[in-house]
Amino acid sequence: MITNEHLDRLLAGHGHVLSTEGEKIGGVGQVYADDDTNQPNWVTVKTGLFGTRESFVPLEGARVEGDDIVVPFSKDQVKDAPGVDPDGHLDPAEEDRLYHHYSLGNGHRTHTNATAGLDATDTGTDRDYDARGTVGRDTSGPTTDGAMTRSEERLNVDTERQATGRARLRKYVTTENVTQTVPVSREEVRIEREPITDANRDAALSGPDLSEEEHEITLHEERPVVDKETVPVERVRLDKDVVTDEETVTEEVRKERVDIDGIDDTRR
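Scoring rules and cut-offs
- Residues numbered from 1 in each chain as written.
- Predicted model: local features only at pLDDT ≥ 70, side-chain atom pairs only at ≥ 80, totals over all residues.
- Heavy atoms only, no water.
- Helix = DSSP H or I, 4+ residues; strand = E, 2+ residues; numbered from the N terminus.
- Buried < 20%, exposed > 50% of the residue type's maximum accessible area, 1.4 Å probe, protein only.
- Contact = heavy atoms within 4.5 Å.
- Areas by Shrake-Rupley, 256 points an atom, 1.4 Å probe, with all protein chains shown as cover.
- Salt bridge = Lys/Arg side-chain N within 4 Å of Asp/Glu carboxyl O.
- Phe/Tyr/Trp six-rings, centres within 6.5 Å; stacked < 30°, edge-to-face > 60°.
- Core = buried A, V, L, I, M, F, W, Y, C linked by side-chain atoms within 4.5 Å.
- Patch = residues over 30% accessible without salt bridge, like charges linked within 9 Å, V, L, I, M, F, W, Y side chains within 5 Å.
- pLDDT = per-residue confidence, 0-100.
- Lys, Arg positive; Asp, Glu negative; His and termini not counted.
- Charge placed at Lys NZ, Arg CZ, Asp CG, Glu CD.
- Pairing = 2+ DSSP bridges.
- Axes fitted to C-alpha atoms, helices over the stretch in contact; angles between N-to-C directions.

Draft legend 1. Geometry of the overall build of the protein. Along its length, the protein carries four helices and six strands. Counting from the amino terminus, the protein carries its helices and strands in the arrangement α-β-β-β-β-β-β-α-α-α. A buried classification covers 18% of the 268 residues belonging to the protein. A separation threshold of at least 6 residues defines the contact pool for the protein, and within that pool the share at least 24 residues apart is 53%. Summing over all exposed atoms, the protein offers an accessible surface of approximately 24000 Å²; the carbon and sulfur share of this is 46%.

Draft legend 2. Region of the structure containing the pattern of salt bridges. Evaluation of the coordinates by the stated rule reveals nine salt bridges. Salt-bridge contacts for Glu 65 lead to Arg 63; the nearest nitrogen and oxygen are separated by 3.0 Å. Residues Glu 153 and Arg 254 are paired through a salt bridge, measuring 3.0 Å at the closest nitrogen-oxygen approach. One end of the pair, Glu 153, is in the loop between helix H3 (92-101) and helix H4 (201-204); the other, Arg 254, is in the segment after H4, and 101 residues separate them in sequence. The class for Glu 153 is partly exposed, based on a relative accessible area of 33%.

Draft legend 3. Main features of the packing of aromatic side chains. In the structure shown here, the tally under the stated rule is three aromatic pairs. Relative to Tyr 99, the ring of Trp 42 has its centre 5.0 Å away and its plane inclined at 55 degrees; by these criteria the two rings are tilted. Taken together, the residues Trp 42 in strand S3 (residues 40-47) and Tyr 99 in helix H3 connect sequence positions 57 residues apart.

Draft legend 4. Geometry of the nonpolar core. Counting 23 residues, the largest nonpolar core has Val 57, Ile 69 and Val 71 as the members making the most contacts within it. Within the residue set of this core, elements represented by two or more residues are strand S2 (24-33), S3, strand S4 (53-58) and H3. Discounting residues that sit within four places of it in the chain, Val 57 has contacts with Asn 41, Trp 42, Val 43, Val 45, Val 71, Phe 73, Val 78 and Tyr 102.

Draft legend 5. Highlighting H3. When H3 is considered as a whole, its buried residues turn out to be Glu 94, Glu 95, Asp 96, Arg 97, Leu 98 and Tyr 99. Each element contacted by the buried residues of H3 is listed here: S3 and S4. Once H3 ends, the next one or two residues include Ser 103, with phi positive near 55 degrees.

Draft legend 6. The arrangement of a nonpolar patch on the surface in detail. A surface patch of nonpolar side chains, amounting to about 430 Å² of accessible area, comprises Met 148, Val 258, Ile 260 and Ile 263. Topologically, Ile 260 is positioned in the segment after H4.

Draft legend 7. View of the confidence of the model for the protein. The predicted model of the protein averages 78 in pLDDT, with 76% of residues at 70 or higher. Here residues 107-129 is modelled with pLDDT under 50, and outside its nearest four sequence neighbours on either side it reaches 27 contacts, counting other chains as well.

Draft legend 8. A look at a negative patch on the surface. Judged by side-chain charge, Glu 21, Glu 23, Asp 76 and Asp 80 come together as a negatively charged surface patch. Mapping Glu 23 onto the fold places it in the loop between strand S1 (16-18) and S2. Taking the relative accessible area as the measure of exposure, Glu 23 reaches 41% and is therefore partly exposed.

Draft legend 9. Highlighting the sheet that holds S4. Ordered by their spatial adjacency, six strands build an open sheet running S4-S3-S2-S1-S6-S5, and the pairing between neighbours is mixed. Looking at which strands have only one partner, the edges of the open sheet turn out to be S4 and strand S5 (63-65). Each strand of the sheet is rotated relative to its neighbour by a mean of 40 degrees, with strand direction disregarded. Of the strand pairs in this sheet, S3 and S4 are connected by six bridges, and their pairing is antiparallel. Note that in S4 the partner of Thr 44 across the bridge is Phe 56.

Draft legend 10. Main features of the environment of Arg 257. Mapped onto the elements of the fold, Arg 257 is located in the segment after H4. Placed 108 residues apart in sequence, Arg 257 and Thr 149 show a C-alpha to C-alpha distance of 10.0 Å.

Draft legend 11. Structural context of the pairing of S3. By the criterion of burial, S3 is predominantly enclosed, with six of the eight residues buried. One ladder, built from five bridges, connects S2 with S3; its direction is antiparallel. In the strand pairing of S3, Val 31 is matched with Val 43. Where S2 folds back onto S3 in an antiparallel hairpin, the turn is made up of six residues, including Asn 38, whose phi is positive at roughly 60 degrees.

Below you can see the structure in the form of structure tokens.
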């Protein structure tokens, strides 16, 4: 049991509130004492991002270990406790909600008006109306209306155009060997002999009887002559085609779900 002797050490230190399994729930915030007995009844636990939220935990059954407080509740149960503004005082209605959440009996309550907040015309049924006509009350903050809005995230997938590369067209000169066969002609000497006949006798006897003579002839032949010319053979250009593919996008989306406690929601 935690007494006033522990308060100075708890409030001066930087201790934590732990579950019975030793799991750290959050930092010690404020300690609330009973108005009549001045005994500590509640402690706030700093939870949430950077300890911006304070959750109330009853000190019934709690114990001190060094600068830490060990409470007989789980971390999830503390974090799910009704939201109460730590303004220095707990009114009876706020204690009702907290005791109900932690399943503690009426004997722990220090206030006398356990039904505070009910309308004078209440018949004692299980339907609780607030001043605005809302069935029940909002345990996480100011009462809004009789329903809560459930939201979820949806994926909106679109495409964007971006550059993925550059294509360049260029030409360069290479050298290769080309072999072609071309016909060539040449002149060769051929000796023709003809007998002496009446037709050529006069020409054959027109010279001296015996003499020395020389006769020459010029021979010709063809040789390959190579000439080159540049001619256009084709035109090449760059163009683009659009190709459509399909890609599967996977992303996490969050959605809110509603849990119902205390009633049988079985569909009949």
